[in-house]
Every structure is written in structure tokens, then in C-alpha cells.
Amino acid sequence: LSERTGVNREELQRWRYAAGQSGADIGKLEVGIKTLSGYMDDAMNGSKKATEAFEALGVSVDDLRNKSQEEIFTEVMNALADMEQGAVRNAIGADLLGRSYTELLPLLNAGSTGMQELKDRADELGLVMSEDAVIANVQFGDTLEDITQSFSGIVRSLTNSFLPLMQQFADFIITNMPSIQKILESVFGGIGDSVAAILPFLMSLIE
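Everything quoted here is computed from the prediction, not taken from an experiment.

Enquirer: Give a detailed account of the environment of asparagine 45, specifying residues and quantitative values.
Expert: Turning to its location among the elements, asparagine 45 is positioned in the loop between helix H3 (26-44) and helix H4 (48-55). By relative accessible area, which is 68% here, asparagine 45 ends up exposed.

Now the structure itself:
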């Protein structure tokens, strides 16, 4: 997700916690960041609508060229959070964040200070792993996946080795199914008769 959005791993964890506390999820943030990225490109390529949307939040085209996507996302979120609620904010937010804007409204309504407090809370609770820790966890997860796949390969090899015998057994069952059915009916019928015979005796003992 960090590689897809251009936001560093630690900051994404803070945003994830803040969004979760407001009823949204990380997926909505990803949609918002990607939509914002598209609008940044439009503004830098001369789109008047995109440029005006950013300027309404105090973000210039020079900012878009000189700041990281992470910095622009934070600035946009803070500016929207501190903007007066109403049609103007809704229009700009919907343009810059796309369909995720509505989902992120509860978070934005906390204001920039409230959002920062939520992000800080993630650190206080020990929910934010360092960049190195995230990378180490990913590497370990990949190693476990390699081990799992290797064992799966061993199982498949063993299965393939026994497959001819298993096929012969399956063919035998299909070919002799009528006889097998008669045998099973006889066996279970005998068991049923035995139970029926002994049941009155057992009931008399209980009584």
C-alpha cells in the first residue's frame, strides 16, 4: 500500500488508526490518495479546475511540484478538516478525494487537531511499527509462504506417486459398486436386526 500510494509505512499506520476510529478503513484512504494523485497530475498539466481546487485549500502548483504526495495529502486533509462544512467543502473534497470523501467525512469533521491527536494516539498505543520492522515482517511472511509452497510441492509429488494406485482403487469401486452396495446393505441390515433384537432387553433393564 505504501508503494502504491507514495505514503511511508509509518504514516500509513497512523492514518489507518485515525480512519478506523472514525468508521472508515484503509481502503477508503487508498482510494482518496489515488484520486488526489490524479488531480495533482491534472493541476501540474494545466487543468484549471484542478488548479482552482488546490488553490482553494492553499496549495499552489509549485507546492505540487516540490512536495511529496504524502505531504500534499496531509495538507489537503488538514485544509478540508478546518474548512467550514457546506457545499463548497463537499464539492472540493469530492473532486480531490473522489468517492472516498463521504466515507472520510467523520474523520475530517474532527478537524486537523483532532486528526493529529488520533494519529498521535496510534504511536502512544504502540500501533505504529517502524519502517525496518514492517520490512522485516514482510520478509518473514514471504519466507513462510515459500516454506508453505515447498511443503505443498512435496505433498503434490507424493500424491502424484500414489495416483495410479488410487485410480485403480477408484476404478475397482465403480466397477464393483452393485456388489459393494449389497454387502453394505447386508452388514447394516444385520446390525439393525441385532439392535432391534436387543433393544427390548435394554429397555427392560432401564425400567
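Enquirer: Describe the packing of helix H6 (residues 69-82) against helix H9 (residues 111-124), and please don't skip the residues or the numbers.
Expert: One can describe the packing of H6 onto H9 by two numbers: an axis separation of 7 Å at closest approach and a directional angle of 130 degrees. Classified by the angle between their axes, H6 and H9 sit oblique to one another. For the pair H6 and H9, contact is made by Met77, Asn78, Ala81 and Asp82 and by Gly111, Ser112 and Met115, respectively. Looking at side-chain class alone, the contact of H6 with H9 contains three nonpolar, three polar and one charged residues.

Enquirer: Got a sec to walk through helix H7 (residues 87-97)? Specific residues and values, please.
Expert: The set of residues buried in H7 consists of Arg89, Ile92, Gly93, Leu96 and Leu97. For H7, the angular spread of buried residues about the axis comes to 105 degrees, placing them on one side. Residues of H7 that are buried make contact with H3, H4, H6 and helix H8 (100-108). In the stretch just after H7, glycine 98 is the one whose phi turns positive, near 70 degrees.

Enquirer: Give a detailed account of the packing of H6 against H7, specifying residues and quantitative values.
Expert: The relative placement of two packed helices is expressed as an angle between their axes plus a distance between the axes. Following both chains from N to C, one finds H6 and H7 inclined at 160 degrees, their axes separated by 11 Å at the closest point. With respect to each other, H6 and H7 are oriented roughly antiparallel. Here H6 and H7 pass one another in a crossing that is left-handed. Of H7, the residues touching H6 (which contributes Phe73, Val76, Met77, Leu80 and Ala81) are Arg89, Ile92, Gly93, Leu96 and Leu97.

Enquirer: So what about empty space enclosed by the protein? Which residues, and what values?
Expert: Tallied over the full model, the rule gives one cavity of 30 Å³ or more. What the largest cavity holds in volume is close to 30 Å³. Considering the residues around the largest cavity, the lining is formed by Trp15, Thr74, Asn78, Ser112, Met115, Gln116 and Lys119. Elements with a contribution of two residues or more to the lining of the largest cavity: H6 and H9. Per-element accounting of the lining of the largest cavity gives the leading share, four residues, to H9.

Enquirer: Summarise the pattern of salt bridges; cite the residues concerned and give the values.
Expert: Pairing of side chains with opposite charge becomes possible as their charged atoms draw close. Counted under the stated rule, the structure contains 10 salt bridges. Ionic pairing is found between lysine 67 and aspartate 63, a salt bridge with its closest N-O pair at 4.0 Å. For aspartate 63, a relative accessible area of 19% translates into the label buried. Ionic contacts of the salt-bridge type, sharing partners, join the residues Glu10, Glu11, Arg14, Lys119 and Asp123 into one network.

Enquirer: Describe the side chain of arginine 89, and please don't skip the residues or the numbers.
Expert: Take arginine 89: it is sitting in helix H7. For the buried residue arginine 89, which engages in no salt bridge, the nearest side chain bearing the opposite charge is aspartate 82, 7.8 Å off. A polar contact of 3.5 Å, which involves the side chain of arginine 89, links it to the side chain of tyrosine 101. Contacts of arginine 89, omitting those with residues within four sequence positions, involve Leu80, Ala81, Met83, Glu84, Tyr101, Leu105, Leu108 and Asn109.

Enquirer: Please set out a nonpolar patch on the surface residue by residue, giving values where relevant.
Expert: The grouping of Phe140, Leu144, Ile147, Phe151 and Ile154 at the surface amounts to a nonpolar patch, some 510 Å² of accessible area in total. Mapped onto the secondary structure, leucine 144 falls in helix H10 (residues 131-175). Relative accessible area serves as the criterion here: at 41%, leucine 144 is assigned to the partly exposed category.

Enquirer: Now, about the packing of aromatic side chains: what can you tell me, with residues and values included?
Expert: For the structure on display, the rule yields one aromatic pair. Seen from their ring centres, tryptophan 15 and phenylalanine 73 are 5.2 Å apart, and the 70 degrees between their planes marks the pair as edge-to-face. One end of the pair, tryptophan 15, is in helix H2 (residues 9-21); the other, phenylalanine 73, is in helix H6, with 58 residues separating them in the sequence. Since its relative accessible area comes to 2%, tryptophan 15 is described here as buried. Residue phenylalanine 73 is classed as buried on the basis of its relative accessible area of 1%.

What counts as what
Residues numbered from 1 in each chain as written. Predicted model: local features only at pLDDT ≥ 70, side-chain atom pairs only at ≥ 80, totals over all residues. Heavy atoms only, no water. Helix = DSSP H or I, 4+ residues; strand = E, 2+ residues; numbered from the N terminus. Buried < 20%, exposed > 50% of the residue type's maximum accessible area, 1.4 Å probe, protein only. Axes fitted to C-alpha atoms, helices over the stretch in contact; angles between N-to-C directions. Parallel < 35°, antiparallel > 145°, perpendicular 65-115°, else oblique. Contact = heavy atoms within 4.5 Å. Nonpolar A, V, L, I, M, F, W, Y, C, P; charged D, E, K, R; others polar. Arc of directions from axis to C-beta. Left-handed = near helix turned anticlockwise from the far one by under 90°. 1 Å grid on protein atoms, 1.4 Å probe; cavity = no way out; pocket = protein on both sides within 12 Å on 5 of 7 lines; lining within 4 Å. Points joined across faces, edges and corners; volume = space filled by probe spheres on them. Salt bridge = Lys/Arg side-chain N within 4 Å of Asp/Glu carboxyl O. Lys, Arg positive; Asp, Glu negative; His and termini not counted. Polar contact = N/O pair within 3.5 Å; in protein donor to acceptor, adjacent residues only side chain to side chain. Patch = residues over 30% accessible without salt bridge, like charges linked within 9 Å, V, L, I, M, F, W, Y side chains within 5 Å. Areas by Shrake-Rupley, 256 points an atom, 1.4 Å probe, with all protein chains shown as cover. Phe/Tyr/Trp six-rings, centres within 6.5 Å; stacked < 30°, edge-to-face > 60°.

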